[in-house]
Each structure stands twice: as C-alpha cells, then as structure tokens.
Amino acid sequence: IASEPVRNLATVGGNLVNASPIGDPAIIILALHSDVVLRRGAATRILPMKDFFKAYKELNKDVNEVVDGLSFDLPKEKRVLHFNFEKVSKRNRLDIASVNTAIALELEDGVIRKAGPDIETAAIGCPEWSKTIAATHLTPVSISSLSTA
C-alpha cells in the first residue's frame, strides 16, 4: 500500500484527512466498520468511518480537530473474518490507484453475519448490497447470485 516515501513518513490519519477517493487506507478502514477518534484539545469524539466522509474532499471534521485514532471490533466468538483488498494501478508501486476495493466478511458456520463496507456509504449506487448479503450461506450458487445483486 502506498509508495515507499509515503509508507515511511505519512500517517493513516493524514491520508484519511486528505479525503482523496483513491487513498488506499480509506476503503480498508470502511470495510472493517471502523470508528475514527477525533480530538480537539482535551475533547474527543468517536465517529463511524462511514459518517466521516461527507462528499468529495469534504469531511465530518472541524478544522481544529485531528485524527487521534482508529478502532474496529474483532469478530465475535465462533466467527471468522475473511478480508480482501485489491488495488488497480498502472504500476505496482509508486502509483495512485485507478480503483481500490476491499471487502470484509464475518462468517459463522459458513453464513455471512456481517459484511463491509456498508456499500450505501460508497458512491457506486448499491444501497441494498449489505442487506442482501447478510445471512447468506456461502455456496457456489449463492456467490454467483450475489455477483449480480
């Protein structure tokens, strides 16, 4: 993820506050249903990442707030997290993404119990995806039908 200078000097918080739709960490953090901790002086507030981005280069963040942390829940007992991130760019390194995708599926006995990101927060126009995929038992047939949902 990212170029070597960025990996060595930049912060994830700075990348998020840049609010670029092609920033590598944003989709990963959204897929994990993360929360962002914002701090202004001694005051902090916790905001779901899906509510952090309002629009292109617009954030639900006061000019005097800084990103102080990120958090996400680990899967509940008996559940397994399957996660995948893909970056498409012209070169493998030192290039901005043409497209980034990430998905996090929390499964219990082969049944999807939680899926991320909440697609309704993304700008691709699939507001029902998370609802459609929830409680789906993964089989070749169900996976095929979800790919057209």
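Structural notes, computed from the coordinates.

1. Section: the environment of T11
Here is step 1: Counting through the fold element by element, T11 comes out in the loop between α1 (4–9) and α2 (12–18).
Here is step 2: When the C-alpha positions of T11 and V67 are compared, they lie 10.0 Å apart, and in sequence the two are 56 residues distant.
Here is step 3: One polar contact links the side chain of T11 to the main-chain amide nitrogen of G14, over a distance of 2.8 Å.

2. Quick word on the sheet that holds strand β8 (residues 111–116)
Here is step 1: Reading across the sheet, the three strands line up as β6-β7-β8 and stay open at both edges, with antiparallel pairing between neighbours. Looking along the sheet, the strands with just one partner apiece sit at the ends: β6 (80–88) and β8. Strand-to-strand twist in this sheet, taken as the mean axis angle between neighbours without regard to direction, amounts to 20°.
Here is step 2: Pairing analysis gives five bridges linking strand β7 (residues 99–108) to β8, with the strands arranged antiparallel. Along β8, the bridge assignment pairs L107 with I112.
Here is step 3: Strands in contact with helix α3 (residues 24–31) are β6, β7 and β8; relative to β7, the strand with the most contacts, it is inclined by about 20°.

Parameters at a glance
Residues numbered from 1 in each chain as written. Predicted model: local features only at pLDDT ≥ 70, side-chain atom pairs only at ≥ 80, totals over all residues. Heavy atoms only, no water. Helix = DSSP H or I, 4+ residues; strand = E, 2+ residues; numbered from the N terminus. Polar contact = N/O pair within 3.5 Å; in protein donor to acceptor, adjacent residues only side chain to side chain. Pairing = 2+ DSSP bridges. Axes fitted to C-alpha atoms, helices over the stretch in contact; angles between N-to-C directions. Contact = heavy atoms within 4.5 Å.

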